[in-house]
Amino acid sequence: MDAKDILGLPKISLPIPQEKKSRPQKDSQRKPDGISREVYALTGGVAPLMPSVDVNQLKKRHQPENEKITWEWLSFTNSARKDDLKLYHWVRVVNGAPPTGDYSFAKYNKSVDVIKFTDEEYEKHLTDPSWTKEETDELFDLCERFDLRFVVIADRFSSSRSVEELKNRYYSVSRAILIARAPSPADVSSHPLVKEPYNISQEIERKRALSMVLSQTKHQERKDAEVLSEAKKIMESRMAAKAAQDAELAVASNASPERMEKTTALVDTASPSNIQATSGVAPLMSMAENAAAAAASLRAMRVYLRTYALDKMVQAASSSAGLRTIKRVEQFLQELKVNLKPKVPTKAVCAEHLELRKEILTLLNLQKLLQNKEEGSSYRESSYTETPDTPKDRTFVPDSVSFGAISTERVGKRDQKRKGPGREAPSSPANSNKRPRKLKATDS
């Protein structure tokens, strides 16, 4: 009888034990240096958390032979504490001489210097209808006690004041005391409390915006991310459009001389004033071309000095002008009492200087065009007066004036041809010997 008979369980024959399959042997890993075999066996071949370093491989610290180092349990006092509490710690003692001086961690005990004020100063400079003197004294005591931790101060404050109101009162009082005690306002103008006063409205708005950002849902964050991505795409498209516009401007400036030739071909080429006017307009068109080329070269450099950029733009603006015109521009600047190169080459100053040079150069070109126009008009007037065949300046000779037989005959023949064969020529010295015709009744 066995346990199964006692418990009333059916007897089941035991299964025939099967042969165990042989497991493949694991590759033995080499034990790393600097670790004992027992520790390596306990870890199971896993890399240790801390790097194992052989102590023999470390560089030994040079220690003088006559130096004896011991560690002793000594007492110490902390200057940061005001109760003169004595504590103990282990101290490294060299040759039996314990270290002297203050506790090494006492230097980290930093405190804020809170400004103190008297009752007279309060009555004279610090009165505020929304604050009492007791509340102000309590505020400054808490500020000194908790080192301007205004969240803790607002929690400990007796009346219900917000953190912003406590900050505004503290900084306004400190600023007023500094200005009142200074010999002159200029002496404390560089102080942070005077230079950058506390702005309570800006602080409230900042915290409100921060709370809105922190209280956003995931959906709102995704929408904001989509808006930012769309704004980025818009900025990239605008930059690409601006680059294409600059390229078109450069192409247009390159094609401007051909356009000028087409326009000048329609004008009378025999007039010297038109030729001079076209030559005067050419510098104005090439100025934009050179400026676009200089701007493109500067954008390719990406990093350059502003003075170098100003020189390049001045050269580009003056490249189409002659040496005499450039000297006249410099003389114009000297007459205006403007330096040829700005002493303080800021971005705004360089832009204004370059714009002034362009305006002076444009003025000189316009003066040259006006002078060429006047010379052309005087040339046309002189050509009309010198040519007798033009109908504008023809001189008609009266019949009573004689310029010789030849001229009178020619005039008579022309008149006869105009009137025809049936008409009589007008009276002239050549036919004055003829008999006058009889008057008819109709003539009278």
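Computed from a prediction, not measured in an experiment: that's the story for all the values here.

Draft legend 1. Looking closely at the pattern of salt bridges. Applying the stated criterion to the full structure yields 12 salt bridges. Across the salt bridge formed by Arg169 and Asp128, the nearest N and O atoms sit 3.7 Å from each other. Of the two residues, Arg169 is situated in helix H6 (residues 163-181) and Asp128 in the loop between helix H3 (119-125) and helix H4 (133-146); the sequence distance between them amounts to 41 residues. With a relative accessible area of 5%, Arg169 lands in the buried category. Ionic contacts of the salt-bridge type, sharing partners, join the residues Asp119, Lys133 and Asp137 into one network.

Draft legend 2. Spatial organisation of helix H11 (residues 306-318). Helix length check: H11 (13 residues) gives 18 Å between terminal C-alpha atoms against 18 Å at 1.5 Å per residue, within 8%. Taken as a whole, H11 has its buried residues at Ala309, Leu310, Met313, Val314, Ala316, Ala317 and Ser318.

Draft legend 3. A look at unusual backbone geometry. Located in the positive-phi region is Asn95, a residue other than glycine, with phi close to 55°. Examined against the element boundaries, Asn95 turns out to sit in the loop between strand E2 (86-94) and H3. With relative accessibility at 47%, the residue Asn95 sits in the partly exposed group. At Lys337, a position not held by glycine, the phi torsion is positive, near 60°. Overall, the relative accessible area of 79% leaves Lys337 in the exposed class.

Draft legend 4. Structural detail: the packing of aromatic side chains. Evaluation of the coordinates by the stated rule reveals 13 aromatic pairs. Aromatic side chains Tyr170 and Tyr171 sit 5.2 Å apart centroid to centroid with 70° between the ring planes, which places their arrangement in the edge-to-face category. What links up through ring pairs into an aromatic cluster is the set Phe117, Tyr122, Phe140, Phe150, Tyr170, Tyr171 and Tyr198. The ring of Tyr122 carries Lys133 above its face, with NZ or CZ at 5.8 Å from the centroid. Across from the ring centre of Trp131, 4.1 Å away, lies the NZ or CZ of Arg161, which sits over that ring.

Draft legend 5. Structural view of the confidence of the model for the protein. For the protein, mean pLDDT is 76; residues scoring 70 or higher make up 69% of the total. At the low end of the mean pLDDT range in the protein sits helix H14 (residues 405-419), at 50; at the high end sits helix H5 (residues 150-156), at 95. Confidence over residues 262-281 falls short of pLDDT 50; this stretch has 19 contacts with residues more than four positions distant or in other chains. Within the model, the stretch residues 438-444 combines pLDDT values under 50 with two contacts to residues more than four positions away or in other chains.

Draft legend 6. Representation of the packing of H6 against helix H8 (residues 200-214) within the structure. Contact geometry of H6 with H8 gives a least axis separation of 10 Å together with a crossing angle of 155°. Comparing their axes, H8 and H6 come out roughly antiparallel. Regarding H6 and H8, the two cross each other, and that crossing is right-handed. Only Ile200, Glu203, Ile204 and Lys207 of H8 make contact with H6, whose side of the interface consists of Val163, Glu164, Glu165, Lys167 and Asn168. A class-by-class count of the residues in the contact of H6 with H8 yields three nonpolar, one polar and five charged.

The rules behind the values
Residues numbered from 1 in each chain as written. Predicted model: local features only at pLDDT ≥ 70, side-chain atom pairs only at ≥ 80, totals over all residues. Heavy atoms only, no water. Salt bridge = Lys/Arg side-chain N within 4 Å of Asp/Glu carboxyl O. Helix = DSSP H or I, 4+ residues; strand = E, 2+ residues; numbered from the N terminus. Buried < 20%, exposed > 50% of the residue type's maximum accessible area, 1.4 Å probe, protein only. Expected span 1.5 Å × (residues − 1). Phe/Tyr/Trp six-rings, centres within 6.5 Å; stacked < 30°, edge-to-face > 60°. Lys NZ or Arg CZ within 6 Å of the ring centre and 35° of its normal. pLDDT = per-residue confidence, 0-100. Contact = heavy atoms within 4.5 Å. Axes fitted to C-alpha atoms, helices over the stretch in contact; angles between N-to-C directions. Parallel < 35°, antiparallel > 145°, perpendicular 65-115°, else oblique. Left-handed = near helix turned anticlockwise from the far one by under 90°. Nonpolar A, V, L, I, M, F, W, Y, C, P; charged D, E, K, R; others polar.

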